[in-house]
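# Per-entry structural report
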Amino acid sequence: MSKQPKLKRRQFLAGALAAGPVASIAAATKANAQAAPARVTSVPPVPPNENVLPDGTPLTEARSGSDYIVDVIKTLNIEYVASLPAATFRGLQESLLNYGNNTKPEFIMCLHEEIAVAMAHGYAKVARKPMAAMVHGTVGLQHASMAMYNAYADRAPILVISGNIQNSSARRPNVEWNHAAVDQNAMVRDFTKWDAQPTSLQASAEALVQAYDLAVTAPMAPVLVTLDADIQEDPLHKEEEAKLVLPKLRRSRHPQGDAESLHEAAKMLVAAENPVIYANRYGRTEKAPALLVQLAELLHAPVIDGRSRMNFPSRHKYNHNGRREQALAQADLLLALEPVDLWGLTNDVQDLIGRPNRRLNRQANLKIVHIGTEGLLLKANYGDVQRYAPSDLTIAGDAEATMPVLIEAVKRELTPSRAAALAQRGEKLSAMAPRFLEQARTEATYGWDASPISVARTCMELWDALKGEEWTMPTETVFLSDYPHRLWDINKPHNWIGGSGAQGVGYNAPAALGAALANKGTGRITAAIIGDGEMMMTNQSLWTAAHHQIPILYIVHNNRAYHMEVMHTLRMADRRSRDTQRIHIGTDISKPNIDFATLAKSMGVYGQGPIDSPNDLGPAIKRAIDVVKRGEPALIDVVSQPR
Amino acid sequence: MKINLLLGAALVLFSAAAFAQDSLKGNAQTGKDLFVAKGCYSCHGFVGQGSREGPRLMPALPYPAFVAQLRTPRTIMPPYTATLVNDQQAADIHAYLESQPKPPDPKSIKLLQ
């Protein structure tokens, strides 16, 4: 192979296209005719060298740039690449499948780029490491962009790979120009942590490893590497490869709060009479909840869980979400761990005419200690930064990485007498905890036998099937009136993974599938309750679930509307004293009602429903769980109350 | 002064509501339809069970308090003027809420244990 002429792929394509296939065959025929006597045959003559056209253009190659890129990707221990196939990365796709033997990473086929990225988003939060998503140049990246925005706002690591034909003189006419760009990464640069468009194979290798390193170091976020098609497809000769250096992944640590500030924070926490701990995007690893339990039990302080991650056990005696506003109103010190929106903990903008700002009911002497990485990754364009909020001490650092140091600092500050005083506070707090569960149970009884089925009933029918298992509930619960958090015993790090980040509709079905992919083979059941609007945005996730045999239970919370928008439009009509029946125009998903069970079946997924009688739901869930335990996906369509 | 005015306005509303209740008899079945048509269900659920978006409406508030909240909400609930829900319709909706059965005891529901 090394003796073959080093003709670049694009030079070959350009030459071949300029001349056209007829011209190429004609040239070959002419050359052949000169080499041997003419003979009559209907079979095109065979060129003297099967691997090279008469003009020197090679027809085959033993090894390409994309093979080397696979070598690089394999050093990163990436299990899966979710992708919709596309021309701008055809070289890499073939290398992954054949040269890479379709393992580490395995190609997971998706039917929309948004699904590929959202799958990687959900996967990262269960597997605690990124997978890759591979998207077409320009149009594929445009499809992927909303899911990338969600993942950025949720600070989830994803290695996004795209393709491009940078050399404009080598693009085939028409389509390849539409699928190429001078700087395609620009469209998502506002919501990626880093991106690169390398122009050599060595630079491509380094960009992939650097991107991975940045993605997994807090604050974590999606990264994007656009690989040039020529670099993927051009032959890689031994002498060129000998010059390449395979980059080694560096061992990066997460940023940790500084010791002096943590000492000060510990003093404030121990001295406070009514400290409250607020944790939102805090839980980054499996160790996080246990560390927070340790701190709460040292301080005997209530914890309010913002639920962007699995932060704290739902039934722990110091989980005081059941009296969130009262606890915050009494607080003289608030420890905010990766709060995301610090301003919103003490203020509100009311949804009234003029959007008045108001200070929430908080103590005048409230002090705020804030630990987080929010200030370490900022882009100016989108509102992800949230509103400016003052604090008495802001410590830049990953809250989970900082927690062991903070715990030790608190231990040093605790005298035996102070520890005894705090323990007395703990007794009072512990005595309150049982009533939160009782209140939620009482609330659940209202509408228990109603049709459409209440969300409390759906949640508890599902809980009945999950409570004896290892499980993950990977989807948002705000539209379920938070009943899973209020009624379920959520105590394992993998039970809950938070939400979409930016509330971009379409996250839940594929992110749940990504979580299920991470759970595959672990014995955990992945059970997702998803709105009908959400499911319709990315329902092709069902096909991927069936195609790759990813076990997951989807329960469609089918209120037959974009219900949030029903409420928004109603609010406007009410303010203006106008017709409240027209609010359903452009918001309801009815006439016809969508038959989700048939939709599921059409894509090879076990489907049941629509179920509108609450007494039918439990048996349906049991049947579906049996399917999931066999390693297959299942769906149940539940006609539901709005919230 | 401002508080006095508000209290005065509330008293007028309460009195008017009480008068309306005396003179208007609500129809629960009509109220059920209105509960959907006027959008009440969207935050409070089809049977008034409440949700994250709006509080439980069972057991029903006394009628004067119900109408006061409807016309001049104390929370972020949007207002329902008499143009949107007239007094008879308010009485019907209230009758629907009053007609709702008491929920079962949580202890009697196996799934809630």
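Placed above this text is the structure.
Let me sum up the structure you'll find in this document. Keep in mind the model is a prediction, meaning the values are calculated, not measured.

### So, the overall build of chain A
For chain A, the count of helices and strands is 22 helices and 18 strands. Principal axes of the C-alpha set define a box for chain A whose edges measure 105 × 60 × 50 Å. For chain A, buried positions account for 56% of its 643 residues. The long-range fraction of contacts in chain A, counting pairs at least 24 apart against all pairs at least 6 apart in sequence, stands at 80%.

### A word on the sheet that holds strand S6 (residues 222–228) of chain A
Residues and elements named next belong to chain A. An order of S2-S1-S3-S4-S6-S5 is seen for the 6 strands of this open sheet, with the pairing classed as parallel. Where the open sheet ends on each side, the last strands, each with one partner, are strand S2 (106–109) and strand S5 (194–196). Mean inter-strand twist for the sheet, computed between neighbouring axes without regard to direction, equals 20°. In this structure, strand S1 (residues 80–83) lies alongside S2, joined through 4 bridges in parallel fashion. Across the sheet, Ser 83 pairs through a bridge with Met 109, a residue of S2. Against the sheet, helix H7 (residues 201–216) contacts strand S4 (158–164), S5 and S6, and its axis sits at roughly 170° relative to S6.

### Description of helix H15 (residues 455–466) of chain A
Residues and elements named next belong to chain A. In this model, H15 (12 residues) spans 16 Å end to end at C-alpha, consistent with the 16 Å of a helix rising 1.5 Å per residue. Counting buried positions along H15 gives 10 out of 12 residues, so the element sits mostly inside the fold. When H15 is considered as a whole, its buried residues turn out to be Val 455, Ala 456, Arg 457, Thr 458, Cys 459, Met 460, Glu 461, Leu 462, Trp 463 and Leu 466.

### As for the side chain of A:Asp384
Residue and element names in this part refer to chain A. Counting through the fold element by element, Asp 384 comes out in the loop between strand S12 (367–372) and strand S13 (393–396). At a separation of 2.9 Å, a polar atom in the side chain of Asp 384 contacts the side chain of Arg 155. Ignoring sequence-local partners within four residues, the contact set of Asp 384 consists of Tyr 152, Ala 153 and Arg 155.

### Topic: a nonpolar patch on the surface
The grouping of A:Val505, A:Met537 and A:Tyr562 at the surface amounts to a nonpolar patch, some 230 Å² of accessible area in total. With respect to the element layout, A:Val505 can be found in the loop between helix H16 (483–487) and helix H17 (508–519).

### Comments concerning the pattern of salt bridges
All names here are of chain A. Taken as a whole and assessed by the stated rule, the structure comprises 36 salt bridges over all chains. In this structure, the salt-bridge partner of Lys 267 is Glu 413, at a minimum N-O distance of 3.8 Å. Here Glu 413 lies in helix H13 (residues 399–413) and Lys 267 lies in helix H10 (residues 259–271), a separation of 146 residues in the sequence. Connected via shared salt-bridge partners are Arg 63, Asp 71 and Glu 241.

### Comments concerning helix H2 (residues 28–37) of chain B
Residue and element names in this part refer to chain B. Three or more residues of H2 are buried, namely Gly 31, Leu 34, Phe 35 and Ala 37. Relative to the axis of H2, the buried residues are bounded by an arc of 165° and lie together on one face. On its buried side, H2 packs onto helix H3 (41–44) and helix H5 (87–99). Two or three places before Gln 29, at the opening of H2, Asn 27 has a side-chain oxygen 2.9 Å from that residue's backbone nitrogen.

### With respect to unusual backbone geometry
Residues and elements named next belong to chain A. With omega at -5°, the peptide bond leading from Ala 218 into Pro 219 counts as cis. Turning to its location among the elements, Pro 219 is positioned in the loop between H7 and S6. Geometrically, the link from Lys 591 to Pro 592 is a cis peptide bond, its omega value of 10° lying close to zero. Relative to the helices and strands, Pro 592 resides in the loop between helix H20 (563–575) and helix H21 (596–602). With a phi close to 70°, Arg 307 is a non-glycine residue in the positive phi region. Structurally, Arg 307 is set in the loop between strand S8 (303–305) and helix H12 (324–330). With a phi angle near 50°, Gln 549 is a residue other than glycine that sits in the positive phi range. Mapped onto the elements, Gln 549 comes out in the loop between helix H19 (541–547) and strand S16 (552–558).

Definitions and limits used
Residues numbered from 1 in each chain as written. Chains lettered and ligands numbered in written order. Predicted model: local features only at pLDDT ≥ 70, side-chain atom pairs only at ≥ 80, totals over all residues. Heavy atoms only, no water. Helix = DSSP H or I, 4+ residues; strand = E, 2+ residues; numbered from the N terminus. Buried < 20%, exposed > 50% of the residue type's maximum accessible area, 1.4 Å probe, protein only. Contact = heavy atoms within 4.5 Å. Pairing = 2+ DSSP bridges. Axes fitted to C-alpha atoms, helices over the stretch in contact; angles between N-to-C directions. Expected span 1.5 Å × (residues − 1). Polar contact = N/O pair within 3.5 Å; in protein donor to acceptor, adjacent residues only side chain to side chain. Patch = residues over 30% accessible without salt bridge, like charges linked within 9 Å, V, L, I, M, F, W, Y side chains within 5 Å. Areas by Shrake-Rupley, 256 points an atom, 1.4 Å probe, with all protein chains shown as cover. Salt bridge = Lys/Arg side-chain N within 4 Å of Asp/Glu carboxyl O. Arc of directions from axis to C-beta.

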